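If you want the building blocks of each chain, they are given just below.
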Amino acid sequence: MKKMKITNKEWWSLSLLLPCIFVLCFFVWQLKADTSAMITLHSDDPVWDLRSVEMQKHYVRLKGDKVEYVPQALLTPEEFDNNPKAQVVKTEKAEETQYYTARFRILVPDGRVYGITFSSVDYADTIYINGQHMQDVGRPGTNSKETVPLTTTVYYTVVPDNGVIEVVHQVSNFVHKKGGNPVGLDIGSVESISRLCSRQTLTVAAIMGGCLILFIIHLVLFLQLRSYRTNLYFALFCLVWLVRTGVTGPKVITALFPEISWYLTFRLEYIAIPLASLLIILALDAMFEGIFRGGGKIFYRISECRGGTSIFFYTHCFNDSDTACCVRNGAVVRTICV
């Protein structure tokens, strides 16, 4: 392995760059939501009782694994009340149903205005709160041709009806092996939830800005010294992660460019992880020649094919990318250590 000599100019560049990265990381950390203001509440039933919870300075994150639902039907709240097929099931069963209507309730002190935020259920979701139609996120349908896919993070101000907030989802999913969980949200005062949403969006924007800056810096470094390909690989990694960050969470990219197809953002999200992993491996291989031996490299390339096939076959072979990532990362660790 060849030893690389670092010039004084490179040392100065590194000395200036590292504090900038530290300041950026500290800024992102400060933007993150204050978890000390969050109260997590779990319920074994599709009803949460928050009447004794102080929500002036805190917000509550609701979690649960059961939901009231009607399978194979897209119902309004009035139709849901009169449907004899309504049943309480685990959310896993609801997630495996291609289209359904789900409902849960929150008991809160009456006479106040509350803020709530949550991610829409994956693929397509129509949301009702206290019987009022709030939003169509895409358009749920009984088959893939009728359905218009879209996912986003929503925020509403809500006045309870006799101390009850009732949330109803019409959901359809014809892509994922399992759709999103229809249960759960963040609820609190209007100020606390508004601040939470702002922090989440600003955090993502800061990360994207940092990725963009690092992409430009390392691309310029590569153009100045083309024989050192590590800068190119890391610049491309920053670009890939910038795109993935923009199409997940608050989905800043789709908010800025609403005309972008949901299918395109979905494919970008899933291909980004294996592509970013491959770029990191290439960067390490360029920095430390011979660190990846033949057998491990071949095994790694095979595991990367899973990411490529997800572009065309969606996620019916894997529920998510975690399984493939574990296999891939295990191969990488084995290659480095052995």
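Residues numbered from 1 in each chain as written. Predicted model: local features only at pLDDT ≥ 70, side-chain atom pairs only at ≥ 80, totals over all residues. Heavy atoms only, no water.

**Structural notes on the side chain of Glu68**
Next up, step 1: Mapped onto the elements of the fold, Glu68 is located in strand β4 (residues 66-71).
Next up, step 2: Ignoring any residue separated from it by four or fewer positions in sequence, one finds Glu68 in contact with Pro46, Phe80, Ala86, Gln87, Val88, Thr101, Ala102, Arg103 and Arg105. (Helix = DSSP H or I, 4+ residues; strand = E, 2+ residues; numbered from the N terminus. Contact = heavy atoms within 4.5 Å.)

**Thoughts on helix α5 (residues 230-246)**
Next up, step 1: When the terminal C-alpha atoms of α5 are compared, their 24 Å separation across 17 residues agrees well with the 24 Å that a helix rising 1.5 Å per residue should span.
Next up, step 2: For α5, a buried count of 12 out of 17 residues is recorded, marking the element as mostly surrounded by other parts of the structure.
Next up, step 3: Taken as a whole, α5 has its buried residues at Thr230, Asn231, Leu232, Tyr233, Ala235, Phe237, Cys238, Val240, Leu242, Arg244, Thr245 and Gly246.
Next up, step 4: On the buried face of α5, the contacting elements are α4 (190-224), α6 (252-256) and α7 (262-287). (Expected span 1.5 Å × (residues − 1). Buried < 20%, exposed > 50% of the residue type's maximum accessible area, 1.4 Å probe, protein only.)

**Regarding the sheet that holds strand β3 (residues 59-64)**
Next up, step 1: Taking strand neighbours across the sheet as the criterion, the five strands line up as β1-β3-β12-β7-β10 in an open arrangement whose pairing is mixed. Of all strands in the sheet, those bounded by a partner on one side alone are β1 (38-43) and β10 (153-158). Averaged over all pairs of adjacent strands, the angle between strand axes in this sheet comes to 20°, irrespective of strand direction.
Next up, step 2: Sitting on the sheet, α4 is in contact with β3, β7 (114-119), β10 and β12 (186-189), with an inclination near 130° to β12. (Pairing = 2+ DSSP bridges. Axes fitted to C-alpha atoms, helices over the stretch in contact; angles between N-to-C directions.)

**What about the pattern of salt bridges?**
Next up, step 1: For the structure shown, the criterion picks out seven salt bridges.
Next up, step 2: Arg61 serves as the salt-bridge partner of Asp186, at 2.8 Å between the closest nitrogen and oxygen. Residue Asp186 is located in strand β12, and its partner Arg61 is located in strand β3; the two are separated by 125 residues in the primary sequence.
Next up, step 3: On the basis of relative accessible area, Arg61 is assigned to the partly exposed category, the value being 26%.
Next up, step 4: The partner of Glu166 in a salt bridge is Arg105, and the shortest N-O contact between them spans 3.2 Å. Of the two residues, Glu166 is situated in strand β11 (residues 164-172) and Arg105 in strand β6 (residues 99-107); the sequence distance between them amounts to 61 residues. (Salt bridge = Lys/Arg side-chain N within 4 Å of Asp/Glu carboxyl O.)

**Some details on the nonpolar core**
Next up, step 1: With 31 residues, the main nonpolar core has Leu50, Ile106, Ile165, Leu185 and Ile187 as its most contacted residues.
Next up, step 2: Of all the elements in the fold, those that place two or more residues in this core are β3, β4, β6, β7, β8 (124-129), β10 and β11.
Next up, step 3: When residues no more than four places from it in sequence are discounted, the contact partners of Ile106 are Trp48, Leu50, Leu62, Gly163, Val164, Ile165, Leu185 and Ile187.
Next up, step 4: Judged by nonpolar contacts, the second largest core, of 11 residues, contains Leu214, Phe237, Val240 and Ala272. (Core = buried A, V, L, I, M, F, W, Y, C linked by side-chain atoms within 4.5 Å.)

**Comments concerning a nonpolar patch on the surface**
Next up, step 1: There is a patch of nonpolar side chains on the surface, built from Leu212, Ile216 and Val220 and spanning about 240 Å² of accessible area.
Next up, step 2: A residue is classified by how much of its surface remains accessible, and Val220, at 40% relative accessible area, is partly exposed. (Patch = residues over 30% accessible without salt bridge, like charges linked within 9 Å, V, L, I, M, F, W, Y side chains within 5 Å. Areas by Shrake-Rupley, 256 points an atom, 1.4 Å probe, with all protein chains shown as cover.)

**So, a negative patch on the surface**
Next up, step 1: Together, Asp44, Asp45, Asp65 and Glu92 line one region of the surface with negative charge.
Next up, step 2: Mapping Glu92 onto the fold places it in helix α3 (residues 91-95).
Next up, step 3: Overall, Glu92 belongs to the partly exposed group, its relative accessible area being 48%. (Lys, Arg positive; Asp, Glu negative; His and termini not counted. Charge placed at Lys NZ, Arg CZ, Asp CG, Glu CD.)

**A short note on the packing of aromatic side chains**
Next up, step 1: Here the structure, examined in full by the defined rule, presents 10 aromatic pairs.
Next up, step 2: Look at Trp48 and Phe104: their rings are 5.6 Å apart centre to centre, the planes differ by 80°, and that puts the pair in the edge-to-face class. Of this pair, Trp48 sits in strand β2 (residues 47-49) while Phe104 sits in strand β6, placing them 56 residues apart in sequence. Each member of the pair, Trp48 together with Phe104, is buried.
Next up, step 3: By the ring-pair criterion, three or more aromatic residues cluster together here, those being Tyr123, Phe174, Trp262, Tyr263, Phe266 and Tyr270. (Phe/Tyr/Trp six-rings, centres within 6.5 Å; stacked < 30°, edge-to-face > 60°.)

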